[in-house]
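Spelled out, the chains give:
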Amino acid sequence: MKKLFAIIIGIFIICIGLAYGSQQLQKSTGDTGNKVLNLYNWGDYIDPALLSKFQKQTGIHVNLETFDSNEAMFTKIQQGGTSYDLTVPSEYMVEKMKRSHLLVPLDKSKLTGLNHYGSSFMNKSFDPKNKYSIPYFWGTLGIIYNDKMVKPGSLLHWNQLWSKKYRDDIMLVDSARDTMGFSLISMGKSVNTTNSNTLLAARNKLVKLAPNVKAIVADEIKMYMAQDEAAIAVDWSGEASEMMGNNSHLHYVVPTEGSNMWFDNWVIPKTAKHYKAIYEFLNFMSEPKNAAQNAQYVGYSTPNISALKLLPKSVQNDKQFYPTQKVIDRLEVYSDLSPAKVQQYNDLYLEFKMHH
Amino acid sequence: MTKQLKALFYTPYFVWLGLFVIAPVGLIVYYSFFNINHQLTLANYQTFFGSGTYLIMTANSVLYAFLITLIALLISYPMAYYISKLKHRDFWILLVILPTWINLLLKAYAFIGLLSQDGLVNKCFELFGFGPQQILFTNTSFILVAAYIEIPFMILPIYNSLTDISSSYIRASHDLGATTWQTIQKIIIPMTLPGVKSGVQIVFIPSLSLFMLSRLIGGNKVITLGTAVEEHFLTTMNWGMGSTIGVVLIISMVVVMALTNTKKKRRQTIW
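All residue numbers refer to positions counted from 1 along the written sequence of the respective chain. For this description, chains carry letters from A and ligands carry numbers from 1, given in the order in which they are written. Whole-chain, interface and lining totals are the exception, using all residues; otherwise, since this is a predicted model, local features are given only for residues with pLDDT of at least 70 and side-chain atom pairs are given and counted only at 80 or more.

With that settled, the discussion passes to unusual backbone geometry. Although it is not a glycine, H101 of chain A sits at a positive phi angle of roughly 55°. Comment: elements are numbered from the N terminus, with helices defined as DSSP H or I runs of at least four residues and strands as E runs of at least two. Looking at where H101 of chain A falls in the secondary structure, it is placed in the loop between helix 4 (91-99) and strand 4 (103-104).

All right, on to the domain arrangement of chain A then. Residues and elements named next belong to chain A. You can read the domains of chain A as domain 1 (32-138 + 263-316) and domain 2 (139-261 + 322-355). All the domain ranges listed were derived from an automatic or database domain assignment. Computed over C-alpha atoms, the centres of domain 1 and domain 2 are 28 Å apart. What counts as a contact is two residues whose backbone-derived C-beta atoms lie within 7 Å of each other. Across the contact, 14 residues belong to domain 1 and 11 residues belong to domain 2. Of all the elements in the fold, those that place two or more residues in the side of domain 1 that touches domain 2 are helix 4 and strand 5 (133-146). When the residues that make up the side of domain 1 that touches domain 2 are grouped by side-chain class, the tally is 5 nonpolar, 5 polar and 4 charged. Polar here means any residue other than Ala, Val, Leu, Ile, Met, Phe, Trp, Tyr, Cys and Pro, which are nonpolar, and Asp, Glu, Lys and Arg, which are charged; Gly is therefore polar.

Bringing the packing of helix 5 (residues 176-186) of chain A against helix 6 (residues 196-209) of chain A into the picture now. Residues and elements named next belong to chain A. Fitting a line to C-alpha atoms yields each axis, with helices limited to the stretch in contact; the angle taken between N-to-C directions then spans 0 to 180 degrees. Packing of helix 5 against helix 6 brings their axes to within 9 Å, and their N-to-C directions diverge by 100°. When the axis of helix 5 is compared with that of helix 6, the two are roughly perpendicular. Contact with helix 5, carried on its side by T179, M180, S183, L184 and S186, involves A202, K205 and L206 of helix 6 and no other residues of that element. When its residues are assigned to classes, the contact of helix 5 with helix 6 shows 4 nonpolar, 3 polar and 1 charged. To sort the angles, those under 35 degrees are grouped as roughly parallel, those over 145 as roughly antiparallel, those from 65 to 115 as roughly perpendicular, and the leftovers as oblique.

Attention shifts here to the interface of chain A and chain B. Listed by partner, the interface residues are 20 residues for chain A and 18 residues for chain B. Every element with two or more residues in the side of chain A that touches chain B is listed here: strand 7 (213-217) and helix 14 (339-355) of chain A. Counting residues per element, the side of chain A that touches chain B draws most heavily on helix 14 of chain A, at 8 residues. Looking at the side of chain A that touches chain B residue by residue, the classes come out as 9 nonpolar, 4 polar and 7 charged.

All names here are of chain A. Inspection of the secondary structure assignment puts Y117 in the loop between strand 4 and strand 5. Counting other C-beta atoms within 10 Å of a residue's C-beta gives its exposure: the residue is buried at 20 or more, exposed at 12 or fewer, and partly exposed in between, where C-beta atoms are placed from the backbone. Given 20 C-beta atoms within a 10 Å radius, Y117 is considered buried. What Y117 contacts, discounting residues up to four positions off in sequence, is M122, P135, P303, N304 and I305.

Okay, the nonpolar core next. Grouped together as the largest cluster of nonpolar side chains are 138 residues, with contacts concentrated most on I144, I170, M171, I232 and A233 of chain A together with A146 of chain B. Two domains each provide a minimum of three residues to this core, namely domain 1 (32-138 + 263-316) and domain 2 (139-261 + 322-355) of chain A. Every residue in contact with I144 of chain A, bar those within four places of it in the chain, is listed here: M225, A233, D235, A240, M243, L250 and Y252 of chain A. By our criterion, buried Ala, Val, Leu, Ile, Met, Phe, Trp, Tyr and Cys residues that link up through C-beta atoms within 7 Å make up a nonpolar core.

This part covers the pairing of strand 10 (residues 261-269) of chain A. Residue and element names in this part refer to chain A. Of all 9 residues in strand 10, 9 are buried, a share of seventy percent or more. The two faces of strand 10 match: M261, F263, N265, V267 and P269 on one face and W262, D264, W266 and I268 on the other face are all buried. By the convention used here, strands pair only if DSSP detects at least 2 bridges between them. As defined by bridge partners, strand 4 adjoins strand 10 across 2 bridges and the pair is classed as antiparallel. Residue V104 lies in a different strand from strand 10, and its bridge partner there is I268.

Right, dumping it as structure tokens:
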């Protein structure tokens, strides 16, 4: 007993010591006057080599902090007490932050790289004229299939998911908006539908999909697909590229009739202080060479057209992650729905889950 | 002991009770009367009891919680009985408690590894020529894994009440001519009922709202009230509705407690 007690005390002291030590280390490299930039980004969503390159070029040190959900980031910025200079919300969150007066408009006269961005990725409904945001990465919602179980090239449309062939074969990502969304698209409706009858019809159509649904899971979907657990999954392109890195039998399709298009965007939150560093950083990240390096590191689709041209041909011509303009034109961005509509989407989705 | 000294001893208890029991429950009840626009309303309760979805979900949750508790009990009782008879019973009971030291999430992932298409269980099936079966994402696998996780909490109270039985009762029973089965039926089971009841209480309530397992192992094929609470708090941000479900869960817990307690009191008066 005494020994156990001594061990516990020992572990405790070592932990405290290490924590103190790392705190000291961070302090020494941290806040050094005006030459800093406080970046608040998703985990592992920027090439660290670029951050050191930026520091070498400009002498500005980047402090990187990470979050794992839009909502967590929103709460932290809203509650204040932080001094983040830049953060990366998804498109619907840009709209929400804008409405909550948490964003600072971009000073376009200080931005030099905007001409590199493709016109399909600018001036979207969530931020007209890009008053507050610059796109960072974009992607789609689509279908991932395993060529051991599904004939390559045979699965092209949302409606095919309802085929009897795929009984108990499909995994869905546990998200009300996306699941209701592809059901709406399969009926030729918009993913931002607010008409109650149409939404009800979308739910009824989903109920018919239930026999084909093997499971509705969250992040684990990546692991399951990599392990050949299911033939088909509906998930985002970013997740798909990660799965495909672990299992070469997986392929990603954006159905030609349309899908959702998502964006992660640079924005300046109200908490920002180092404006000079912010614009230097945004311009640095817009430089095609740097954007291309970052896209290779992260593996998502870059909206920076000049950067895309610097990427290997195999990436540029990859229809899975850079679909043709015709498909891009059919992609729809989620708009921020009213809380009542969000509730309705979720209630209908819950009803579908009950049936499945 | 002076009055002040006494106060010193019971204040921590009341502070604890107030901060971590009464305040959270009070907040849940308070939130349950607000809709998504922060207006005072009874609409949440109306939605809950007026919509088939939530009622079916409640029925579902109760049914699964019942099955989980039943299976846990059926496995735990004989196990506790035999462990209490063993020579090194402290060691064996330690082995039963050991899995509770591992985080629930890790255990769930371990089960995914065991039950998946090319997991260990399917490998064994193949040895006997059954071919790979779909085990993950079935109701059976959900109930079994949940029962596995709850078993230590069921065994412990039963084991404690078994070891509390004085061996003289057993000897007296045998001396009076009772068979082993009669002894178990007339002496051991009635005397361990309090342990069984606390085991049922500890297992049944958490089983009503196992949202993580129902997703990881059940693939959301099993929808319990926990799933709905998670959704209301994390995606729709409708804390009012989530709290309403919480209140229903708390009330059902009180009901279960009340049902299991009255019987205990009656038995005590008989003795």
